[in-house]
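Working through the structure, step by step
Okay, here's what each chain looks like letter by letter:
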Amino acid sequence: MNHYSNQVIALFLVTALLSSLSVASKKLPGLSVNLEESSVSGLSSGAFMTSQFYVVNSDIMVGAGIIAGGPYLCAQSWVFNNYITNATTACMSPLSPKFGPNTPHLLELTRQLSDTKKIDDVDNLKNDRLYIFTGKSDKTVLPIVVEQTKVYFQGLNVPDSAILYRDDVNAGHAIITDLNDNTPCPKTAAPYINDCDFMQSHEIMNHIYEGLNPPSTTLSGDLIKFDQKEFIDSAYTSMSDDAFVYVPQACYSEPCRLHVVFHGCEQGAKVIGDNYYTQTGYNYIADANKFAVLYPQAEPSNRKPFNPKGCWDFWGYSAPGSIRPDYFTRDAPQLKAVRNMLDRLAQ
Amino acid sequence: MSLTPSLFPPTFDLNPTLTSAIERWQTTATEMTEDLSQLENALNPMQTFVQKTTNTYDYLSNVDWMTIMTAAEKPSLLREVFEEYTDLQTSALQRITSDQEALIDTITANSRSAINNSGSLHDPQAMCAHYLDKSLDTLLDIKTNVENQMQTASSINAAFSAWYQQSLDTLSKQ
């Protein structure tokens, strides 16, 4: 009987050990990344999140790529509307440009936040480089909204010569690639990755950083799935348990720079698998130029917080129950979680 | 020939297209029920009310009402404010009209498609499957149109709030 029960216990322990090994993600490694020349880009809600992350962390940022997104604090444009109403109307499809993002008000709010040190000093932005894109056939986030993103950053003294504003492509609401099996250029359809005959990720990186090498044709490094929960200290972030980082081989032996990529709604790994973090071209240009690429992940949530499309928070869902939700300062749950990831990569 | 009834009722095979059409309706019904449940979770009228009221009170408390009342006596300023209002109404009407035209186009196109493709069907089950498929296509297309109209209504409502704030800002800066 003792021998039998010992066998059962041993079998149970082995099974438990194997189970734990099979489900555990890796820890995000420290790579001594040089954070001082970091950049960020994203599509749609990822673009709004890009504006947020970029402005809040401008101390370490040298540029951003905003694809079909509005200015920082857009959801606070009009005080007689609540944040989600502004987010889904003025910041996406306003009746006319006059009722879109209230850019003068947003600039005022931004300067107040900078003066009270809730975000980094906005003076940092004047030496940066920005890529802003709107598709001519985008009916989701209208070009009149994205134009205000350009006006907003001009209002923060980013020189016109440093802003590449593209509104000349007949694209739907999507990130752009040159891959034939992606959605046709003018359409707006899941997974919102469209073939318009150029690789937008490369265009973004080449604009932000001068003198980059052409993208690699094969990847030298590792695509790491890591435990994202470790960096989250709120139950309402709607962020996934796991996220991804691409690390070129060179980054294991020398300090690399970092680019952060925010997917759009319905584009997290839980919805479209590895499409966004493997098929949008970032890893190839990163590989050739010694950049680590971080892909934080958001996922759909049908309860609290209510985020059924797995969007990044640009209207306050990550602070449910709060009248003035903080989704926009360095203490905001999602922004803080992603910054924690950067700090780990810099170790 | 036996006059006693068979113990087993006559059987017939369901046309696969009819099975598929029924399954498609079932899946759509399940999805719509889930969407409604999600919508219920989204509605938080108390938080919405408190957020709007707080922001509105803060804004209105800081408005320079004396300047506004003085400025409101200037015909040129009032004219500017009401011209903006007229522009808003014009834009709203254009959007509503465009949405209605889209709805009519949807219904027309779906009706034509249903009629044009039914002539070649002679099997009752195939005809039933065709009817189920086409009516579900129509329902889904109309649902998209209705969602667009609701988005338009939301944009119009938000625009009126924005107009009111813009007007107060304009008048209070004179």
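Everything below is about the structure printed above this text.
These figures come from a predicted structure and were not determined experimentally.

1. Focus: the interface of chain B and chain A
Counting residues at the interface gives 33 residues for chain B, matched by 29 residues for chain A. The partner of Asp87 of chain B in a salt bridge is Lys98 of chain A, and the shortest N-O contact between them spans 3.1 Å. Our count for the contact surface shared by chain B and chain A stands at 14 residue pairs in polar contact (both at pLDDT 80 or more). Secondary structure elements with two or more residues in the side of chain B that touches chain A: α1 (16–42), α2 (45–61), α4 (75–116) and α5 (124–172) of chain B. In terms of residues, the side of chain B that touches chain A owes the most to one element, α5 of chain B, which gives 13 residues. Its residues assigned to classes, the side of chain B that touches chain A shows 13 nonpolar, 15 polar and 5 charged.

2. Topic: the side chain of His207 of chain A
All names here are of chain A. Looking at the element boundaries, His207 is found in helix α6 (residues 200–208). On the basis of relative accessibility, which here comes to 10%, the residue His207 falls in the buried class. With residues near it in sequence (within four places) discarded, His207 still touches Arg129, Leu130, Tyr131, Ala162, Ile163 and Leu164.

3. Observations concerning the packing of aromatic side chains
Residues and elements named next belong to chain A. Using the criterion set out here, one finds 19 aromatic pairs over all chains in the structure. Taking 5.9 Å as the distance between ring centres and 65 degrees as the angle between the ring planes, the aromatic pair formed by Phe53 and Phe262 counts as edge-to-face. On the criterion of sequence distance, the pair formed by Phe53 in helix α2 (residues 45–56) and Phe262 in strand β10 (residues 257–262) is long-range, its members being 209 residues apart. What makes Phe262 buried here is its relative accessible area of 0%. The interplanar angle of 80 degrees and the centroid separation of 6.3 Å between the aromatic rings of Phe226 and Phe231 together place this pair among those described as edge-to-face. Given a relative accessible area of 0%, Phe226 falls into the buried group. These aromatic residues form a ring-pair network of at least three members: Phe48, Phe314, Trp315 and Tyr317. The ring of Tyr165 has Lys150 lying over it, and the distance from NZ or CZ to the ring centre is 4.5 Å. Its guanidinium or amino end placed over the ring of Phe198, Arg166 lies 5.0 Å from that ring's centre, counting from NZ or CZ.

Thresholds, definitions, all that
- Residues numbered from 1 in each chain as written.
- Chains lettered and ligands numbered in written order.
- Predicted model: local features only at pLDDT ≥ 70, side-chain atom pairs only at ≥ 80, totals over all residues.
- Heavy atoms only, no water.
- Contact = heavy atoms within 4.5 Å.
- Salt bridge = Lys/Arg side-chain N within 4 Å of Asp/Glu carboxyl O.
- Polar contact = N/O pair within 3.5 Å; in protein donor to acceptor, adjacent residues only side chain to side chain.
- Helix = DSSP H or I, 4+ residues; strand = E, 2+ residues; numbered from the N terminus.
- Nonpolar A, V, L, I, M, F, W, Y, C, P; charged D, E, K, R; others polar.
- Buried < 20%, exposed > 50% of the residue type's maximum accessible area, 1.4 Å probe, protein only.
- Phe/Tyr/Trp six-rings, centres within 6.5 Å; stacked < 30°, edge-to-face > 60°.
- Lys NZ or Arg CZ within 6 Å of the ring centre and 35° of its normal.

Interpretation in functional terms is not warranted from these geometric data alone.
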